[in-house]
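Summary of the model geometry
Next come the chains, spelled out residue by residue.
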Amino acid sequence: MSTVVERLCQERAAADGLGSKRNAVKYLKQDYEALKQQCLQSGTLFKDEEFPACPSALGYGDLGPYSFKTQGIIWKRPTELCANPQFIVGGATRTDVCQGELGDCWLLAAIASLTLNPEVLYRVVPQAQSFQKDYAGIFHFQFWQYGEWVDVVVDDRLPTKNGKLVFVHSEEGNEFWSALLEKAYAKLNGSYEALTGGSTMEGFEDFTGGISESYLLRKAPSNLYQIIQKALRAGSLLGCSIDITSAAEIEAITSLKLVKGHAYSVTGAEEVYYRGRTEKLVRLRNPWGEVEWTGAWSDNAPEWNFVDPKQKQALDKQADDGEFWMAFSDFQRQFTRLEICNLTPDTLTSNEVNKWDLTLFNGQWRRGSTAGGCQNYQATYWTNPQFKIHLDEPDDDHKGSLDEPCCTILVGLMQKNRRRQKRMGEALLSIGYSLYQLENNLDIHANRAFFARNQPAARSDPYVNLREVSSRMKLPRGEYLIVPSTFEPYKNGEFCLRVFSEKHAKAQMIGDVVSAKPYEPHVDSKDIDDEFKTLFQKLSGEDCEVSANELQAILNRVLAKRKDIRSDGFSINTCREMISLCDKNGTGTLGLVEFKTLWMKIQKYLAIYKKVDIDYSGTIDSHEMRDALREAGFTLNDQLQHSIVVRYACSKLTIDFDGFVACMIRLETLFKIFHLLDKTKSGIIQLSLAEWLCCTLV
């Protein structure tokens, strides 16, 4: 229950602007300014109790407390490491980011690219932080996390060995912004070890809130060099890597001094005049701060002797700093993939920077309710979360028929918090999505029959265990259903779905409507046959009223005779709720008409139960429950579907008959209370605490 309430509070806060660039969420409720003032007033240096300087902050496996790699580590503040520590010296530069003993080259490549765009850098690394003025041992950084900006506070105690930083460090040795940034990101993800292994795109997106695209260099578009130049000019972040074929190749160094399975930053693209022709060059940086390409156009290579001296002086720095030039043709041959994070999706496709339309949805895959798996699992695929997008306006540059693909969208599906859960053994899920064109307006959850009849109009690449999968697609005008899913069903996870469209596009979550039209039998005492009246008199006794205990005995006697449905028998609480629903005069018991009404409801529930029990097991599974709810007249959203599974399904995700009836009665009661109080039919009611407690205890 607390999880549901917490999620509701978060959604309301986000609607009020919390998590925006101007109002970042305070991670773990730590307020940087307040904590800093407390330290300054008390004359103490900040010690972060939420991420203490102890073995748990380092890791859990390779960097766990008993690992040889963590032996001898001492946490020290920069003031203990050098005489004159600085936060940033002469602006943040790529040489401030040198890799230590942690396998987070993907993150460091992203940080190095970040230094090329000061506007973006100082969004992540707030200025006016110092080891001199108002120094209190506390610093803060801001990251984008699944649709919101988060402000993360850290103290400046850093892991060291033999007086040197273990992880990220600057070339100068007295500059600490990059080491503290890495620590803040480690805190956000649970530990330093959680940062081991990843995609540069992940770092790019967490620094910008942008959307990433990946290019396989051997299948790249013919204008890739222009794309790179344009991306660099636009401030996009670029990374590249060489794929490996086995674990033994990780960080293996080739004969030309390139590192396999290692993330590089792309930091420049220039054309030079060489021997009567134009040569396209790209500049890369190894986050190690050393080990550079030794082929054509490397530092001091003979090719530079045939270039205009001024251009040579500007480009060929001849320093072993991890940065080097190479021919674009060699780059395409030697490297496998290029990753570009666009601050807005149009930076690579339009000569003008246009504002794209962004729609963001947060959702969940929950075992038994919304974790349906991919299309291979037809029985459950339809239960995945569903979203609808309406593409009505064609792109500005479209000149053909409106029936042709003319609306560009970029869809990104990102799974949440998996890096933070690594210490619990949770790995990235294999995820993907499909788009289906809708012929008719659809505002309710598409059922199994819909997916049996329709094939996807577009989809992401094959399911893959990356944090995010994204693809750009051009579609004809119309309405589309987007279905994000994991590859296998019954996998719990949270996700963020982003849809960027060149023109404004209406988007909504399908099944977000909550309504009810349950079966309401109209019973008059004149219409009740004599046989039923006689039976009622026999069951109810002298007072001709059925109490909760009598109702329990009656119903369980009937259930015991049935072999086609499974049940543990109705509980006394369920029987009390049945009476509460049908008791018109508030006696706490049921008279003849009230009992007949309830009896007809139960018969209706039984017919629905047997109809959706397609395998005649005597129980219904959590996915059949969706159909049963619809048959009973209830339209519920995914969160309510999940709450029902948690409350009424057993560990095998099945619901027996008494649980099904209990759920129906509970839903009818809640809807009835709400509708009675909602006099204006606005969908909103206002209650005092006492009134709310009375309603929930009915």
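Small disclaimer: the values here were computed from a predicted structure and weren't measured.

Definitions and cut-offs
Residues numbered from 1 in each chain as written. Predicted model: local features only at pLDDT ≥ 70, side-chain atom pairs only at ≥ 80, totals over all residues. Heavy atoms only, no water. UniProt positions renumbered as here; feature names shortened; annotations may be inferred. Helix = DSSP H or I, 4+ residues; strand = E, 2+ residues; numbered from the N terminus. Buried < 20%, exposed > 50% of the residue type's maximum accessible area, 1.4 Å probe, protein only. Pairing = 2+ DSSP bridges. Arc of directions from axis to C-beta. Contact = heavy atoms within 4.5 Å. Polar contact = N/O pair within 3.5 Å; in protein donor to acceptor, adjacent residues only side chain to side chain. Axes fitted to C-alpha atoms, helices over the stretch in contact; angles between N-to-C directions. Left-handed = near helix turned anticlockwise from the far one by under 90°. Nonpolar A, V, L, I, M, F, W, Y, C, P; charged D, E, K, R; others polar. Core = buried A, V, L, I, M, F, W, Y, C linked by side-chain atoms within 4.5 Å. Domains from an automatic or database assignment. Buried area = accessible area lost by both parts, 1.4 Å probe. pLDDT = per-residue confidence, 0-100. Salt bridge = Lys/Arg side-chain N within 4 Å of Asp/Glu carboxyl O. Phe/Tyr/Trp six-rings, centres within 6.5 Å; stacked < 30°, edge-to-face > 60°. Lys NZ or Arg CZ within 6 Å of the ring centre and 35° of its normal.

1. Quick look at the UniProt feature "domain: EF-hand" (unreviewed entry) in the protein chain
Sites flagged by UniProt as "domain: EF-hand" (unreviewed entry) map to residues 600–635. Secondary structure over residues 600–635 splits into 64% helix and 11% strand, and the C-alpha atoms at its two ends are 22 Å apart.

2. Looking at the pairing of strand β19 (residues 478–486)
Taking burial as the measure, the nine residues of β19 include nine buried ones, the bulk of the element. Residue alternation in β19 divides its side chains into two sets, G478, Y480, I482, P484 and T486 and E479, L481, V483 and S485, and both sets are buried. Bridge count for strand β14 (residues 387–391) against β19 is five bridges, and the pairing is antiparallel. Among the inter-strand pairings, H390 is bridged to a residue of β19, identified as E479. Inspection of the sheet shows strand β16 (residues 431–438) paired to β19 by eight bridges, in the antiparallel sense. By the bridge assignment for β19, L435 is matched with I482.

3. Structural notes on the sheet that holds strand β1 (residues 25–26)
Overall, mixed pairing links the three strands, which are arranged β1-β4-β3 in an open sheet. The open sheet has two free edges, formed respectively by β1 and β3 (138–145), since each of these has just one partner strand. Here β3 runs beside strand β4 (residues 148–155); their pairing, made up of eight bridges, is antiparallel. When the bridges of β4 are listed, I138 appears paired with D155.

4. A short note on helix α2 (residues 32–42)
Side chains of residues three or four places apart in an α-helix project in the same direction, reflecting 3.6 residues per turn. Of all the positions in α2, only Y32, L35, K36 and C39 are classed as buried. The buried residues of α2 occupy one face: seen down the axis, they fall within an arc of 100 degrees. Here the buried face of α2 lies against β3 and β4. Between a side-chain oxygen at the N-terminus of α2 and the backbone nitrogen of E33 the separation is 3.1 Å; the capping residue is D31.

5. Notes on the packing of helix α16 (residues 572–582) against helix α17 (residues 592–612)
Geometrically, a packed helix pair is captured by the angle between its two axes and the distance between the axes. Between α16 and α17, the shortest axis-to-axis distance is 10 Å and the interhelical angle comes to 115 degrees. Here α16 and α17 pass one another in a crossing that is right-handed. Across the interface between the two elements, M578, L581 and C582 from α16 touch E594, L598, K601 and I602 from α17. When the residues that make up the contact of α16 with α17 are grouped by side-chain class, the tally is five nonpolar, no polar and two charged.

6. Overview of the environment of L598
Looking at the secondary structure, you find L598 in helix α17. In sequence terms L598 and A109 are 489 residues apart; their C-alpha atoms lie 67 Å from each other. Other than its neighbours up to four places away in sequence, L598 contacts L551, M578, C582, L590 and I665.

7. Details of the nonpolar core
As a rule of thumb, nonpolar side chains are buried together in soluble globular proteins. Within the largest apolar cluster, 53 residues are counted, with the highest numbers of intra-cluster contacts made by F141 and F143. Of all the secondary-structure elements, those providing two or more residues to this core are α3 (55–58), α5 (105–114), α6 (118–124), β3, β4, α7 (177–188) and α8 (200–208). A domain-level breakdown of this core finds at least three residues from each of domain 1 (23–205) and domain 2 (211–342). The next biggest cluster of nonpolar side chains, apart from the first, holds 48 residues, and it includes L629, L636, F657 and C663.

8. What to know about the domain arrangement of the protein chain
Under the domain assignment, the protein chain is made up of domain 1 (23–205), domain 2 (211–342), domain 3 (357–397 + 405–512) and domain 4 (530–697). Using only C-alpha atoms to locate each centre, domain 3 and domain 4 end up separated by 35 Å. Across the contact, 15 residues belong to domain 3 and 13 residues belong to domain 4. Buried area between domain 3 and domain 4, both sides added, is near 1400 Å², and the carbon and sulfur share of it is 53%.

9. Quick look at the confidence of the model for the protein chain
Looking at the protein chain, pLDDT values average 88 and 96% of them are 70 or higher. Mean pLDDT across the elements of the protein chain ranges from a minimum in helix α1 (residues 2–15), with 72, to a maximum in α2, with 97.

10. Side note on the pattern of salt bridges
Evaluated as defined, the whole model comprises 24 salt bridges. Here K183 ties to D155 by a salt bridge, and the two come within 2.5 Å at their closest N and O atoms. On the criterion of sequence distance, the pair formed by K183 in helix α7 and D155 in strand β4 is long-range, its members being 28 residues apart. By the burial criterion, K183 is buried, and D155 matches it. Measuring nitrogen to oxygen at the nearest pair gives 3.9 Å for the salt bridge that ties E205 to R467. Remark: R467 occurs in the loop between β17 (458–459) and β18 (468–475) and E205 occurs in helix α8; sequence separation between them is 262 residues.

11. A few points about the sheet that holds strand β20 (residues 493–501)
Taken together, the four strands give an open sheet; going across it, the order is β13-β20-β15-β18, and neighbouring strands pair in antiparallel fashion. Each edge of the sheet is formed by a strand with only one pairing partner; in this case those strands are β13 (357–365) and β18. The mean inter-strand angle of the sheet, taken between neighbouring strand axes irrespective of direction, is 15 degrees. In the sheet, strand β15 (residues 407–415) pairs with β18 via eight bridges, with the strands oriented antiparallel. The residue bridging G412 from the neighbouring strand is S470, located in β18.

12. Overview of α16
Those residues of α16 that fall on the buried side of the exposure criterion are T574, C575, E577, M578, I579, L581 and C582. On the buried face of α16, the contacting elements are α15 (548–560), α17 and α20 (657–677).

13. Quick notes on the packing of aromatic side chains
Using the criterion set out here, one finds 35 aromatic pairs in the structure. Each ring, one from F87 and one from F139, has its centre 5.4 Å from the other, and the planes form 10 degrees; the classification is stacked. Linking F87 in the loop between α4 (78–81) and α5 with F139 in strand β3, this pair joins segments that are 52 residues apart in sequence. Grouping residues by exposure puts F87 and F139 together as buried. Centroid distance F595 to W599: 6.0 Å. Interplanar angle 25 degrees. Geometry classified as stacked. You can see F595 and its partner W599 sitting in helix α17, four residues apart, about one turn around the helix. On the accessibility criterion, F595 (3% relative accessible area) is buried. Three or more aromatic residues joined by ring pairs make a cluster, and in this case those are F87, F131, Y135, F139, F141 and F176. The positively charged end of R275 is found above the aromatic ring belonging to F306, 4.1 Å away from the centroid. Here the basic side chain of K604 rests over the ring of Y519, its NZ or CZ set 5.6 Å away from the ring centre.

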